[in-house]
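# Descriptive analysis of the structure
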Amino acid sequence: MVEEKNPTENVEEEQTTGPLPAEPAKVFTVEILHMIKEAQQQHGLRHGDYQRYRGYCTRRIRRLRKALKFPQGDKRHFKRRDVTLAQLTGKRADERFIHIPLISAERAWAYAMQLKQESNTEPRKRFHLISKLRKACVYALQLQDLCNSDAFDARTKLECEAYVAWMHGSLHFELQLWKTAGEHLKRAQVVYENLAKALPEDEQELYRAKVNEFTPNLRYCAYNISGGRAAGANMDDLLEFRAQGLLENLDDLVNKTKTESSEGLQTIEWRGRKVTVRPEKVRLFLLSAQELDKSLEKASKIDSKIELIERTLMDCKDAIQAVKEEIKQDPKLRSLTTGQTVSGIQYLLAYLSYIRHSRTLQRNLCLVEQAKSNFDDPNQKSQIGGGDGKRVRPQDLTRLYEIILQNVTEMQQIPGMEDDQTYQSEIENLALTFKAFRCYYIALTLVDMKKWKEAVALYERSSKYAGEALKTTTTDTFNLNDELKKLISTIDSCKFSAHAYSVLEDDNTDDPIFTSKSQKSSKPLFERLSQYKEDQSLHTKNPNVFKMVPEMEAIPCKPLFFDLALNYVEFPSLEDKLQSPGKKGISGFVKGFLGWGGNK
């Protein structure tokens, strides 16, 4: 028989085996800027090593594909597999899939930046550079297509949009499409600014720093769009761009801009004498040297100032070489240099040498300022340098001032300026100024070594040099008078401090008890009232002030008498006392008395 099922049971079975409710889709959050910045800082870009960062990106992609089991073919055959929405949705959705196109874009960009560094010497690599940037943009667009889906939140979409705009802006910047490059970079800057405002305060610093990175590129794009007549772009901006190394062809643009202004620069005037400038390279250099001070005022960081000065020094070296070559090629100029009087070409060479030495001196002063930010003053133990870097000792600053004094000596020996008394007095005053600073830091070195008397002597000498430098009425080219006045006031306090330490630790006495290393003494206080020593035992319960029990003293013993005259004294004869024959002496008496010796 066949049993019939209850219809109610069928209904219950249909209800239990029906479709389950769908799980909510995963929504991922990818902090793109934070992730790539952290990877860049940890794998080479802290030092500008793009090749190392490119190798890291390659290894990271290989690890991701292996972990996600998403290979591109087998060992023998390659089959391209791009990330799609299928890997980012569903039950097996994984956030790490989105990292593959992102790291691929970073790898192509790093390769392009590596080629950009190499293209300075090999111009043909620019074609490869453009190709790699195009490839980076392709990967960035793949990333944007994935991030625009519902699998990612609004923050990820904004970060992806800014990243894509920045990558396209970099490509158009290299292609010299200034208008579109400026548009893309401005879009990325606006997105990052809005993200910084929307995020918590502790996460805003990274985005603000990224916004500041776009400013030089945008200014350069504006300069090229307006044909060099933009309100915010001038010669100073070009020099700043070159200091930052934005473009390899920026030198040509700088020279082109200088040429337009150097047509009127045919003569120079230095120390009351005018000299005609013939070489074109020298005229271009002198024009940039005039604009350097304005660029230094705009530069906020010391590193950027040093970079600007060093580039000017390289140009100055080329200008000096151009003048020397002109002298060699022209026999008339060669004959003029052999005379006793300083010719115009010699004076121009002396002026360029002075610029070179003075800018080198200015660069060294920037290094001193950078070192002082990490300097620990031994006279002020609580003062610690606020800079980031290795602690600077007084010996390091002394070495820097030694280099500066050598530079001043070279300025004194510039050919053609030996007979200029005004110039020589100015340089001599400059030497006195730096000698004052050098003596001060040598004194600080001696303070570290606990040599107080020698430190006081060097403080005195430093104060003397500073006073002589201030008395001389010369032009303060490097603005050092204020620092000299501050140095004199500092020396006064340091001198008294070192003198006080020398009194406290004076160990000229021969008594080993009174040494500077140990303040303890076994003598009671009443025996050393004329000497000042800190004795901590006086504050205890048993102070060593006075001894109540006198100490043991050595006294002479009772004298010993020796009878040395006994050998020279004649004693009286005792024969009459002895027994004689016929007489019974004392011996017989004894025999009889004791009972022995008699007859039996």
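Residues numbered from 1 in each chain as written. Predicted model: local features only at pLDDT ≥ 70, side-chain atom pairs only at ≥ 80, totals over all residues. Heavy atoms only, no water.

### Examining the overall build of the chain
From N to C terminus, the chain includes 19 helices and two strands. The contacts in the chain between residues at least 6 apart in sequence include a share of 63% that link residues at least 24 apart. Accessible area for the chain stands at about 38,600 Å²; split by element, carbon and sulfur atoms hold 52% of it. (Helix = DSSP H or I, 4+ residues; strand = E, 2+ residues; numbered from the N terminus. Contact = heavy atoms within 4.5 Å. Areas by Shrake-Rupley, 256 points an atom, 1.4 Å probe, with all protein chains shown as cover.)

### Side note on a positive patch on the surface
On the surface, Arg 52, Arg 59, Arg 62 and Arg 63 cluster together into a patch of positive charge. Mapped onto the elements of the fold, Arg 59 is located in helix α3 (residues 50–67). Taking the relative accessible area as the measure of exposure, Arg 59 reaches 40% and is therefore partly exposed. (Patch = residues over 30% accessible without salt bridge, like charges linked within 9 Å, V, L, I, M, F, W, Y side chains within 5 Å. Salt bridge = Lys/Arg side-chain N within 4 Å of Asp/Glu carboxyl O. Lys, Arg positive; Asp, Glu negative; His and termini not counted. Charge placed at Lys NZ, Arg CZ, Asp CG, Glu CD. Buried < 20%, exposed > 50% of the residue type's maximum accessible area, 1.4 Å probe, protein only.)

### Focus: the packing of helix α6 (residues 154–174) against helix α7 (residues 178–198)
Two elements in contact, α6 and α7, have axes separated by 8 Å at closest approach and are oriented at 155°. Viewed along their axes, α6 and α7 adopt a mutual orientation that is roughly antiparallel. Here the hand of the crossing between α6 and α7 comes out left-handed. Residues Arg 155, Leu 158, Glu 159, Glu 161, Ala 162, Tyr 163, Ala 165, Trp 166, His 168, Gly 169, His 172 and Phe 173 of α6 lie in contact with α7, whose contacting residues are Trp 178, Thr 180, Ala 181, His 184, Leu 185, Arg 187, Ala 188, Val 191, Tyr 192 and Leu 195. Considering only residue class, the contact of α6 with α7 consists of 13 nonpolar, five polar and four charged. (Axes fitted to C-alpha atoms, helices over the stretch in contact; angles between N-to-C directions. Parallel < 35°, antiparallel > 145°, perpendicular 65-115°, else oblique. Left-handed = near helix turned anticlockwise from the far one by under 90°. Nonpolar A, V, L, I, M, F, W, Y, C, P; charged D, E, K, R; others polar.)

### What about helix α15 (residues 394–412)?
For α15, spanning 19 residues, the distance from its first C-alpha to its last is 27 Å, which sits close to the expected 27 Å at 1.5 Å a residue. Pro 394, Leu 397, Thr 398, Leu 400, Tyr 401, Ile 404, Leu 405, Asn 407, Val 408 and Met 411 are the residues of α15 that are buried. The elements touched by buried residues of α15 are α14 (344–372) and α16 (421–448). (Expected span 1.5 Å × (residues − 1).)

### Here we look at the pairing of strand β2 (residues 273–276)
The two faces of a sheet get side chains in turn, since along a regular strand they alternate between them. Sheet topology places strand β1 (residues 267–270) next to β2; four bridges connect them, and they run antiparallel. Bridge pairing in β2 places Trp 270 opposite Arg 273. (Pairing = 2+ DSSP bridges.)

### Topic: the pairing of β1
Alternating positions in β1 separate cleanly, Ile 268 and Trp 270 being buried on one face and Thr 267 and Glu 269 remaining unburied on the opposite face. Following β1, the chain reverses through two residues before pairing antiparallel with β2; Arg 271 in that reversal takes a positive phi of roughly 55°.

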